[in-house]
Amino acid sequence: MQALLNEILDQVRPLLGQGQVADYIPALAEVPANQLGIAVYGVDGSLHTAGDATTAFSIQSISKVFSLVQAIQHSGEDIWQRLGHEPSGQPFNSLVQLEFERGRPRNPFINAGALVICDINQSRFAAPALSMRDFARRLSGNAHVVADMKVAESEYQHRARNAAAAYLMQAFGNFHNDVETVLRSYFHHCALAMNCVDLARACGFLANQGLCTHSGEQLLTPRQTQQVNAIMATSGLYDEAGNFAYRVGLPGKSGVGGGIVAVVPGRFSVCVWSPELNPAGNSLAGMAALELLSERIGGSVF
Ligand code: DON
């Protein structure tokens, strides 16, 4: 595995320079583009890394997996009264479908759906941002995970589209807490700074039927774990979920910080990171690295 990871990074490195670092969140535009890392965490607890695997980055939408898991833990199937688990076929921050579908987001990974999940968690936790930070610490086994408050503040200052989605849902009766408070929680968990090793470890339970190998905690039932993986496979990369299924063939979740996590059920979880994005907002080199990895190990679930 170690030799394979080194070889994959060597192969995709020429792609650096061909994408665009996210700049709609100004604090993210400052991240040096020329970085690439990967970490693979086996269900047996083995860890392999290559490149910039211990450099922290903004996890952004990867946090939507963790907030969904929190919501499933305390509310189970009830959450589906508020949103769906269908792919949207739309960019992550699109608003058009939300009006047509009367304020009910298609899935928990587009921004509107993640905001509903945050609203559900806001009703449940006294301090949702801290609950999420502590959850990320527990999942990763890294007690030093913190949010980058400069990124969180930058997102809040440029919140117009997310605020529009949340207020539209409020107008349809599908938002129960103060919108600005929920936006603050949402930006806080998107701004968590973690590295490839943290995220591969944090997603290990998705490869291991809901059981976190290093903490021994059963986070979800095996059935719930399959369901989360199914939503990742169909919606984790937004309007590029089909392309990701075609090229990589794994449940995955991307973030505009350039991270992508993916899961090979029963075998390992992986996180790859490179800040430059393709036009759909997914890491350009990251996609290519996962495609090579999946191909080389015969990992596609299809
Ligand atoms: O709300 C936003 O736009 C960002 N905090 C998260 C978007 C994101 O990561 C989309 N992923 N590819």
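With an unreviewed UniProt entry as reference, the protein chain is termed Glutaminase, source organism Aquipseudomonas guryensis. Heading Subunit (unreviewed entry) of the UniProt record for the protein chain holds this comment: "Homotetramer." UniProt lists a comment for the protein chain under the heading Catalytic activity (unreviewed entry), and it reads "L-glutamine + H2O = L-glutamate + NH4(+)".

K.L.:
Describe in detail the confidence of the model for the protein chain, supporting the description with residues and values.
P.N.:
When pLDDT is averaged along the protein chain, the result is 97, and 100% of the positions lie at 70 or above. Note on the complex model: pTM 0.98, ipTM 0.98.

K.L.:
Quick one: what's the story with the sheet that holds strand β6 (residues 192-194), residue by residue and with numbers?
P.N.:
Strand order in the open sheet formed by 3 strands is β4-β6-β5, and the pairing between neighbours is antiparallel. Strands with a single pairing partner mark the edges of an open sheet, and in this sheet they are β4 (57-58) and β5 (146-147).

K.L.:
Before we move on, could you go through the packing of helix α5 (residues 111-124) against helix α9 (residues 179-190) and cite the residues and values that matter?
P.N.:
Between α5 and α9, the shortest axis-to-axis distance is 9 Å and the interhelical angle comes to 105 degrees. Taken together, the axis directions place α5 and α9 in an arrangement best described as roughly perpendicular. Facing A114, L115, C118, D119 and Q122 of α5, the residues of α9 in contact are T181, V182, S185 and Y186. Residue composition of the contact of α5 with α9, grouped by class: 5 nonpolar, 3 polar and 1 charged.

K.L.:
Before we move on, can you summarise the pairing of strand β2 (residues 37-42) with the specific residues and values?
P.N.:
Along β2, 5 of the 6 residues are buried, which leaves the element largely enclosed by surrounding structure. Where β2 hands over to strand β3 (residues 47-51), the hairpin turn is made up of 4 residues, of which G45 adopts a positive phi near 90 degrees. Examined bridge by bridge, β2 and strand β9 (residues 268-273) share 6 bridges and lie antiparallel to one another. Each bridged residue has a counterpart across the sheet, and for I38 the counterpart in β9 is V272.

K.L.:
Any chance you could break down the nonpolar core for me, citing the residues and the numbers?
P.N.:
If you look at the biggest cluster of nonpolar residues, it comprises 97 residues, and the most contacted ones within it are I38, A39, C196, L199, A200, V270 and A289. In contact with A200, other than residues within four places in its own chain, are A39, V40, Y41, S269, V270 and C271.

Reading the values: the criteria
- Residues numbered from 1 in each chain as written.
- Predicted model: local features only at pLDDT ≥ 70, side-chain atom pairs only at ≥ 80, totals over all residues.
- UniProt positions renumbered as here; feature names shortened; annotations may be inferred.
- pLDDT = per-residue confidence, 0-100.
- Pairing = 2+ DSSP bridges.
- Helix = DSSP H or I, 4+ residues; strand = E, 2+ residues; numbered from the N terminus.
- Axes fitted to C-alpha atoms, helices over the stretch in contact; angles between N-to-C directions.
- Parallel < 35°, antiparallel > 145°, perpendicular 65-115°, else oblique.
- Contact = placed C-beta atoms within 7 Å.
- Nonpolar A, V, L, I, M, F, W, Y, C, P; charged D, E, K, R; others polar.
- Buried ≥ 20, exposed ≤ 12 C-beta atoms within 10 Å, placed from the backbone.
- Core = buried A, V, L, I, M, F, W, Y, C linked by C-beta atoms within 7 Å.

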